[in-house]
Amino acid sequence: MQIDYTKYENGLVPAVIQDAITKNVLMLGYMNEEAFLKTNETKKVTFFSRSKNRLWTKGEESGNFLNLVSIKVDCDNDTLLIQVNPEGPTCHKGSDTCWNEENSSNFGFLSKLEEVIKDRKDNSENENSYVSSLFREGMNKIAQKVGEEAVEVVIEAKDNDDTLFLNESSDLLFHYLILLQAKGFTLSAIEKVLQMRHSQ
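Analysis parameters
- Residues numbered from 1 in each chain as written.
- Predicted model: local features only at pLDDT ≥ 70, side-chain atom pairs only at ≥ 80, totals over all residues.
- Heavy atoms only, no water.
- UniProt positions renumbered as here; feature names shortened; annotations may be inferred.
- Domains from an automatic or database assignment.
- Pairing = 2+ DSSP bridges.
- Helix = DSSP H or I, 4+ residues; strand = E, 2+ residues; numbered from the N terminus.
- Axes fitted to C-alpha atoms, helices over the stretch in contact; angles between N-to-C directions.
- Contact = heavy atoms within 4.5 Å.
- 1 Å grid on protein atoms, 1.4 Å probe; cavity = no way out; pocket = protein on both sides within 12 Å on 5 of 7 lines; lining within 4 Å.
- Points joined across faces, edges and corners; volume = space filled by probe spheres on them.
- Nonpolar A, V, L, I, M, F, W, Y, C, P; charged D, E, K, R; others polar.

With an unreviewed UniProt entry as reference, the protein chain is termed Histidine biosynthesis bifunctional protein HisIE, source organism Marixanthomonas ophiurae. Quoted straight from UniProt, the Subcellular location (unreviewed entry) entry for the protein chain says "Cytoplasm".

Shown next as structure tokens:
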């Protein structure tokens with residue numbers, strides 16, 4: 001890996017720290033060559049602290065280490081992207097990230113859809129909402145809809161109409177997200193189970 005330590009002052013390059021699982025950016029630090037080598041050797045992310053003017057392993061005092069997963073260098077060879085598995089909060093102020101954000105998984109539009117479903121659940125008196133009507137009818141109705149959509153996916157899987165298959169699959173996933181929240185869960189709970197199985 002070629003890293004250009006000459007481009008910035010004092011031979012330091014920016015190091016963007018990213019959670020290897022959630023892909024959230026946790027913090028920004030700086031590394032010189034010695035910090036880079038120590039990080040690779042110990043598998044604990046080590047920076048060069050400009051305030052302390054020395055090498056500093058994140059977590060050396062708090063125990064909140066950043067366990068190294070991978071290091072990538074950008075196209076100009078002067079910025080690092082370091083993926084980690086964090087132990088505890090990353091920010092010295094106690095938050096998950098240095099932007100005071102929760103380091104939770106984000107599933108893109110599906111996470112947005114989960115927010116909408118939660119709102120419909122919390123405001124189930126909304127008579128114009130299909131999702132709210134399902135929550136009003138209760139668990140049996142929601143589970144029934146998931147079963148119906150699952151059967152339709154199986155039927156379409158045996159056919160050759162990709163559009164119908166994708167539409168029925170979307171219906172199944174949508175109703176499954178409703179069922180999850182009816183049971184008090186979200187996709188993050190399913191992700192954790194799958195991660196645990198993967199690691200066994």
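We are not done yet, so read on.
Enquirer: Is there a simple way to think about the domain arrangement of the protein chain in this case?
Expert: Put simply, an interface is often sized by how much accessible area is lost when its parts join up. Each assigned domain of the protein chain is listed with its residue range as follows: domain 1 (13-86) and domain 2 (109-199). In this structure, domain 1 and domain 2 have C-alpha centres spaced 39 Å apart.

Enquirer: What am I meant to see in the sheet that holds strand 6 (residues 80-86) here?
Expert: Note: strands within a sheet are paired through backbone hydrogen bonds, in either parallel or antiparallel orientation. Strand order in the open sheet made by the four strands is 2-1-6-5, with mixed pairing throughout. Two strands in the sheet have a free side with no partner beyond their single neighbour: strand 2 (25-31) and strand 5 (66-73). Between one strand axis and the next, the sheet turns through 30° on average, direction left out of account. Where strand 1 (residues 13-19) and strand 2 come together, six bridges link them in antiparallel fashion. Among the inter-strand pairings, I17 is bridged to a residue of strand 2, identified as M27. Contacts from helix 1 (residues 33-42) reach strand 2, strand 5 and strand 6, with the element oriented near 125° to strand 5.

Enquirer: When you look at the layout of surface pockets in this model, what are you seeing that I'm missing?
Expert: To find leftover empty space, one rolls a probe the size of a water molecule over the atoms. The calculated volume of the largest pocket comes to roughly 460 Å³. Lining of the largest pocket is provided by 21 residues; of these, M27, K52, W56, K58 and H92 occupy positions nearest its centre. Ranked by the residues each element gives to the lining of the largest pocket, the list is headed by strand 2, at four residues. For the lining of the largest pocket, the per-class residue count stands at eight nonpolar, eight polar and five charged. A total of six residues in the lining of the second largest pocket trace back to one element, the largest contributor, which is helix 2 (residues 109-122). Per-class residue counts for the lining of the second largest pocket are one nonpolar, eight polar and six charged.

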